[in-house]
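Chain residues, written in single-letter form:
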Amino acid sequence: MLFTLVFKVNAQSFREQFTEANLLTEDGYYGLAIPIWLDLLKEKPNANLNYKIGRSYLSLGIDRDRGLPYLLKASKDVKNIYDPFSSDFKTAPVETYFYLGKAYHIQTSLDSAEFFYQKFLDDASKKHFLRPEAEKGLVMCEVARELMANPVEAEIVNIGSPINSKFAEYSPIVAFDENTLYFTSRKARTDGSNEGKIEAQTGMYYEDMYVSYRSISGIWMEPELLNINVADQHSSVVSMSPDGRKLYIYKIFGGVGNIYESEFTLGTGWSPPALVGSNVNSTSNEFFATVTADDQRLYFVSDRKGGIGGKDIWYAQKLPNGDWGKAINMGEPINTPDDEDAPYFHPDGKTMYFSSNGHKSMGGYDVFYSQLDENSNWSTPKNLGYPINTTDDDHSYISTPDGKRAYYSSKGANSIGSTDIYVVQYKDEED
């Protein structure tokens, strides 16, 4: 398959390869488009191709830092007149400034990020579709400065090997005793059974679910691949039931993401994942689900109609017959016109942690928390602060029952791969 594609590309003219790479990029197949763009750049170096490569790396999900030098080169030759589908254009579009600002923002180079966000706003048309995002970027940079000037008293430690690898690891699920850790990884399997099973859009292996156990000496053991993964399909663990015998899993089937559940039985292991029914899944995408400590309410994430923004947090109450009732949008102040994700309801029965890029985020997804008052109203979400949150994506925060530690995934500093699992050790107990 790959040989056929490479042979086909090599046999094409520059214009044909440009069109092919453009179509792949527009469809989100960055992992396939980038090698073609790189070959074309060698043949005819110009600002347009540097822009195409830089933007593709920025959208890829891995190796995003590699996009910066290409966007910087592209920014040296920007023109307002631009045809994205023409191979004759050698100059880069004004959007280059926005993506360059975003690339610097991810790296916490706030001065440069602000400069290029503003340059984009100065040079782009008043109705440009990226204008709201650039304005939002400037606000996030301001929030980043504020939070970084008042850091939280916490130590952020990369959980390290053998949990993290040079690939992406995320969505940690930790048992209350902190001796069992489930997580999702996009690494090559040790037995080679997912060799060649690469997702074209991201250039990464498909998601697999792993479990690791802590030894008596406190060391995490080599992770074990769960028996319910499929090599060429996404299987991501998102949460665990209070009794530890049920996993909630995110899977994609027919291009739609849904929430599944799998139950553990002694002697047979985890059961084949089955759809969580009763109003939870829909014809839209469901991304994440978690249940409260009493197992009576399920919070989940969906982009279905009727929400406030793109991805919203919804909930369903358990009915007397064991099914989940009608899905209800959490509304304000939790949901925003942007995206909310990865809710976790703390065992204290009143605190919910979640990720959002719509509240006062310093960049990408930040972790927030909100608490129920005596009238069952949610408080205004509060950013957990820096250095827990960074200018890149911070996600899937799981607090221990005593609130003294937490596990979460981040693309922050000291990462081994594109996304790693970190441990937060608070010096003082959370407010």
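Residues numbered from 1 in each chain as written. Predicted model: local features only at pLDDT ≥ 70, side-chain atom pairs only at ≥ 80, totals over all residues. Heavy atoms only, no water.

Draft legend 1. Summary view of the overall build of the chain. If you tally the helices and strands in the chain, you get eight helices and 23 strands. Taken over C-alpha atoms, the radius of gyration comes to 22 Å for the chain, in line with the 22 Å a tight globule of 431 residues would show. The dimensions of the chain, computed from C-alpha atoms along their principal axes, are 65 × 50 × 45 Å. The buried share of the chain, reckoned over its 431 residues, is 53%. Taking contacts inside the chain between residues at least 6 apart in sequence as the whole, the part at least 24 apart equals 49%. Counting only carbon and sulfur atoms, one obtains 52% of the accessible surface of the chain, whose full area is about 20000 Å². Considering the chain, the positive charge centre built from 41 side chains and the negative charge centre built from 60 side chains are found 5 Å apart. (Helix = DSSP H or I, 4+ residues; strand = E, 2+ residues; numbered from the N terminus. Rg over C-alpha atoms; globule rule 2.2 N^0.38 Å. Buried < 20%, exposed > 50% of the residue type's maximum accessible area, 1.4 Å probe, protein only. Contact = heavy atoms within 4.5 Å. Areas by Shrake-Rupley, 256 points an atom, 1.4 Å probe, with all protein chains shown as cover. Lys, Arg positive; Asp, Glu negative; His and termini not counted. Charge placed at Lys NZ, Arg CZ, Asp CG, Glu CD.)

Draft legend 2. Representation of the sheet that holds strand E23 (residues 420-426) within the structure. The strand order across the open sheet formed by four strands is E1-E23-E22-E21, and the pairing between neighbours is antiparallel. In the strand order of this sheet, the two ends are held by strand E1 (154-158) and strand E21 (394-399), each with one partner. Averaged over all pairs of adjacent strands, the angle between their axes in this sheet comes to 25 degrees, without regard to strand direction. Both E21 and strand E22 (residues 405-410) contribute to a ladder of four bridges, which runs antiparallel. Looking at the pairing, His395 lines up with Ser409 of E22. (Pairing = 2+ DSSP bridges. Axes fitted to C-alpha atoms, helices over the stretch in contact; angles between N-to-C directions.)

Draft legend 3. Geometry of the sheet that holds strand E3 (residues 180-185). Strands sit in the order E2-E3-E6-E7 across an open sheet of four strands; the sheet is antiparallel. If you trace the sheet from one side to the other, it starts and ends with strand E2 (169-174) and strand E7 (224-225), each paired once. Across six bridges, the pairing between E3 and strand E6 (residues 208-213) is antiparallel. Its bridge partner being in E6, Ser185 is matched across the sheet by Asp208.

Draft legend 4. How the structure looks around helix H5 (residues 67-74). Taken together, the buried positions of H5 are occupied by Gly67, Leu68, Tyr70, Leu71 and Ala74. Looking straight down H5, one finds its buried side chains confined to an arc of 165 degrees; they lie on one side. (Arc of directions from axis to C-beta.)

Draft legend 5. Structural context of empty space enclosed by the protein. Under the criterion given, the structure shown has one cavity of 30 Å³ or more. Estimated volume of the largest cavity: approximately 50 Å³. Together, Val174, Ala175, Phe176, Glu178, Tyr344, Ile398, Ser399, Thr400, Pro401 and Tyr407 line the largest cavity. Residue composition of the lining of the largest cavity, grouped by class: seven nonpolar, two polar and one charged. (1 Å grid on protein atoms, 1.4 Å probe; cavity = no way out; pocket = protein on both sides within 12 Å on 5 of 7 lines; lining within 4 Å. Points joined across faces, edges and corners; volume = space filled by probe spheres on them. Nonpolar A, V, L, I, M, F, W, Y, C, P; charged D, E, K, R; others polar.)

Draft legend 6. Quick peek at the side chain of Glu95. Mapped onto the elements, Glu95 comes out in helix H6 (residues 95-106). The side chain of Glu95 sits in the buried core without any salt bridge; Arg55 is the nearest counter-charge, 6.8 Å away. In this view, Glu95 contacts Tyr51, Phe120, His128, Phe129 and Leu130; residues no more than four positions away in its chain are not counted. (Salt bridge = Lys/Arg side-chain N within 4 Å of Asp/Glu carboxyl O.)

Draft legend 7. Seen up close, the packing of aromatic side chains. A complete count under the given rule lists 24 aromatic pairs for this structure. Judged by centre distance (5.9 Å) and plane angle (75 degrees), the ring pair of Tyr82 and Phe89 falls under edge-to-face. For Phe89, a relative accessible area of 23% gives the class partly exposed. A connected cluster of aromatic rings, assembled from ring pairs, spans Tyr51, Tyr82, Phe89, Phe98, Tyr99, Tyr117 and Phe120. Lying over the aromatic face of Tyr210, Lys187 brings its terminal NZ or CZ to 4.6 Å of the ring centre. (Phe/Tyr/Trp six-rings, centres within 6.5 Å; stacked < 30°, edge-to-face > 60°. Lys NZ or Arg CZ within 6 Å of the ring centre and 35° of its normal.)

Draft legend 8. The arrangement of the side chain of Thr351 in detail. Checked against the element boundaries, Thr351 lands in strand E18 (residues 351-356). Of the residues examined, Thr351 reaches a relative accessible area of 2% and is grouped as buried.

Draft legend 9. Molecular detail of the environment of Glu178. Along the chain, Glu178 turns up in the loop between E2 and E3. Setting aside its immediate chain neighbours within four residues, Glu178 contacts Arg214, Trp220, Thr400, Arg405 and Tyr407. There is a polar contact of 2.7 Å between the side chain of Glu178 and the side chain of Tyr407. (Polar contact = N/O pair within 3.5 Å; in protein donor to acceptor, adjacent residues only side chain to side chain.)

Draft legend 10. Broad picture of the nonpolar core. Among the nonpolar cores identified, the biggest contains 30 residues, and Leu71, Phe98, Tyr99 and Phe120 are the most heavily contacted of them. Mapped onto this core, the elements with two or more residues apiece are helix H4 (47-60), H5, H6, helix H7 (110-123) and helix H8 (131-149). If one sorts the elements of this core by residue count, H6 sits on top with seven residues. Other than its neighbours up to four places away in sequence, Tyr99 contacts Tyr51, Arg55, Leu58, Leu71 and Leu130. Membership of the second largest hydrophobic core comes to 28 residues, among which are Ile259, Phe288, Tyr315 and Trp324. (Core = buried A, V, L, I, M, F, W, Y, C linked by side-chain atoms within 4.5 Å.)

Draft legend 11. Fine view of the packing of H5 against H6. Look at H5 against H6: their axes get within 9 Å of each other, and the N-to-C directions meet at 145 degrees. The handedness of the crossing between H5 and H6 comes out as left-handed. Taken together, the residues of H6 that come into contact with H5 (itself represented by Leu68, Leu71, Leu72 and Ala74) are Thr96, Tyr99, Leu100, Ala103 and Tyr104. (Left-handed = near helix turned anticlockwise from the far one by under 90°.)

Draft legend 12. Representation of the pattern of salt bridges in the model. Inspection of every chain in the model, using the stated rule, returns 15 salt bridges. A salt bridge links Lys136 to Asp338; the nearest nitrogen and oxygen atoms lie 3.2 Å apart. A residue pair is termed long-range when its members are at least 10 positions apart, and Lys136 in helix H8 and Asp338 in the loop between strand E16 (328-329) and strand E17 (340-345) qualify at 202 residues. The salt bridge partner of Asp341 is Lys311, with a shortest N-O separation of 2.9 Å.

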